[in-house]
Amino acid sequence: MHRQHIVFVMAAILAATAACKKATPPIARPTPPPAAASSGDANRPPAPPTPVSEPRPVPPEPVAEDPISARDIGDINKNSPFQPVFFALDSSEVDATAQQALNANAEIMKKYATWVITIEGHADERGTAEYNLALGERRAMSARTYLVSLGISGDRLRTVSYGKEFPFDPGHNEAAWQKNRRAQFVLTSK
């Protein structure tokens, strides 16, 4: 019995040591690096793809310098390309004739997109100075509003009223007064 007891204890010890024995973790093996063309190219990133060649644009034909834009502001204003806009007595309404002049002026302003214009409102000599200044302002603003409706930026348009101070025609009759009831366009900057 003693022998059986010893064999039993020995078997228990062997079983316990076998159960306590830890499994060894698997060993990670490094993956081999990709085959390189040469040792100097190993650290270089891959070459970028070849760009697609696009057709070259044809340069525009050289444009002859515009005779108006080559002149200075004073000379342009002296021989102004802008048409004045004339108004009826005591009116700031833009009629059909005024619309034609403003349409032509708008085309010039579209062609010279950097020009800044001052629209001067004028009146004839009849009426008080205050009334004529207010009427001149309404005339300048009517012309400005019409130009803005045609797509001209309001930032390029200034207005001022001179009332009856600077008549176009110094005469004292209806023919002179008709010429003085106007909105005049002056180039302020290019």
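Residues numbered from 1 in each chain as written. Predicted model: local features only at pLDDT ≥ 70, side-chain atom pairs only at ≥ 80, totals over all residues. Heavy atoms only, no water.

Draft legend 1. Just helix H4 (residues 129–149), in detail. Across its 21 residues, H4 extends 30 Å between first and last C-alpha, which sits within 8% of the 30 Å expected from 1.5 Å per residue. Those residues of H4 lying buried are Asn 132, Leu 135, Gly 136, Arg 139, Ala 140, Ser 142, Ala 143, Tyr 146 and Leu 147. What you see down the axis of H4 is that its buried residues fit within an arc of 150°, all on one side. Projecting away from the buried face of H4 at angles above 90 degrees are the exposed residues Glu 130, Thr 145 and Ser 149. (Helix = DSSP H or I, 4+ residues; strand = E, 2+ residues; numbered from the N terminus. Expected span 1.5 Å × (residues − 1). Buried < 20%, exposed > 50% of the residue type's maximum accessible area, 1.4 Å probe, protein only. Arc of directions from axis to C-beta.)

Draft legend 2. Looking closely at the pairing of strand S2 (residues 116–122). With 7 of 7 residues buried, S2 lies mostly within the body of the structure. Residues Val 116, Thr 118, Glu 120 and His 122 line one face of S2 and the alternating positions Ile 117, Ile 119 and Gly 121 line the opposite face, and both faces are buried. Bridge analysis of S2 against strand S4 (residues 182–189) gives 6 bridges, and the strand direction is antiparallel. Bridge pairing in S4 places Glu 120 opposite Gln 184. For S2 and strand S3 (residues 157–163), the ladder comprises 6 bridges, and the chain directions are parallel. Paired with His 122 across the bridge in S3 is Gly 163. As for the winding sense of the linkage, the β-α-β connection from S2 through H4 to S3 is right-handed. (Pairing = 2+ DSSP bridges. Right-handed = clockwise from strand over helix to strand, strands pointing away.)

Geometric descriptors of this kind do not, in isolation, establish any biological role.
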